[in-house]
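A closer look at the structure
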Amino acid sequence: MARTDVLKIITPEQAATVLTTLAASDPEIRRKARAIARKLLGDVDVEELAEEVFWELDAIAVEQVWDRSGRKRDGYVDPGEAAWQLLEEALEPFLDALRRCQRLGLSAQATRHCMGILQGIYRFEKESQSEFKAWAVDAPGEYFASTYREWRNGTTSREEVTEVRRFVKRFCPKRADLCR
């Protein structure tokens, strides 16, 4: 009987432990692992990312708002508050990727993440027909502005700030005033 490759069946957490252990024990493996990680983080297609953000937000069902809102054991959760939380949770993985790039000094990649997130939020605000949107009318604009501010606070490049502002004017014109 053929044996299954153990690397194909371990959990992601176990795989991370294997990689961390190998990288700690061998400088050459650590160098190669870092190069691969930087390449993975570096491949940022703004249009693809915007599409992912849009669909992630558009997939939030109004029923999720209803499930989270109302009377709870420890009080009451307003439907609007629940909707904002759902939107924040949907955006968090994208913002985490932006933050990782900034922590690693991958400024250009962080900038592309910012543009993709902003365009995805904008598309959601303008194009989505989701019933969910009615429960968080102001949330897309607020998250658009907070995403820009967070990215802006983590960059020192005037050229990248100019690039993002031009991008927003072109692809998110009704939100350009939020990028000052």
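The structure reproduced in this document is the subject of the present report. This is a predicted model, so every value here is computed, not measured.

For helix H5 (residues 79-103), spanning 25 residues, the distance from its first C-alpha to its last is 35 Å, which sits close to the expected 36 Å at 1.5 Å a residue. Along H5, the largest kink reaches about 40 degrees and is centred on Glu-92; proline Pro-93 follows within four residues of it. Looking one or two residues past H5, Gly-105 carries a phi angle of roughly 75 degrees, positive in sign.

A few words on the environment of Glu-131. Mapped onto the fold, Glu-131 is located in the loop between helix H6 (107-127) and helix H7 (139-153). Of the residues examined, Glu-131 reaches a relative accessible area of 56% and is grouped as exposed. Along the backbone, Glu-131 and Val-62 are 69 residues apart, and their C-alpha atoms lie at a distance of 5.8 Å.

Moving on, we come to the environment of Ala-110. The residue Ala-110 is located in helix H6 in this model. Between the C-alpha atoms of Ala-110 and Arg-30, which are 80 residues apart in sequence, the distance is 23 Å. Ignoring anything within four residues of it in the chain, the contact list for Ala-110 reads Leu-98, Cys-101, Gln-102 and Trp-151.

This part covers the state of the cysteines. Inspection of the entire model under this criterion finds zero disulfides. The thiol sulfur of Cys-101 is not disulfide-bonded, and the nearest other cysteine sulfur, from Cys-114, lies at 12 Å. Left unpaired, Cys-172 is separated from the closest cysteine sulfur, that of Cys-179, by 7.7 Å.

Let's shift gears to the side chain of Gln-119. Looking at where Gln-119 falls in the secondary structure, it is placed in helix H6. Those residues in contact with Gln-119 that sit more than four places away from it in its chain are Val-46, Glu-47, Ala-50, Phe-167, Phe-171 and Cys-172.

Here is what the cut-offs are and how they apply
Residues numbered from 1 in each chain as written. Predicted model: local features only at pLDDT ≥ 70, side-chain atom pairs only at ≥ 80, totals over all residues. Heavy atoms only, no water. Helix = DSSP H or I, 4+ residues; strand = E, 2+ residues; numbered from the N terminus. Expected span 1.5 Å × (residues − 1). Bend = angle between axes of the 7 residues up to and from the residue. Buried < 20%, exposed > 50% of the residue type's maximum accessible area, 1.4 Å probe, protein only. Contact = heavy atoms within 4.5 Å. Disulfide = S-S within 2.5 Å.

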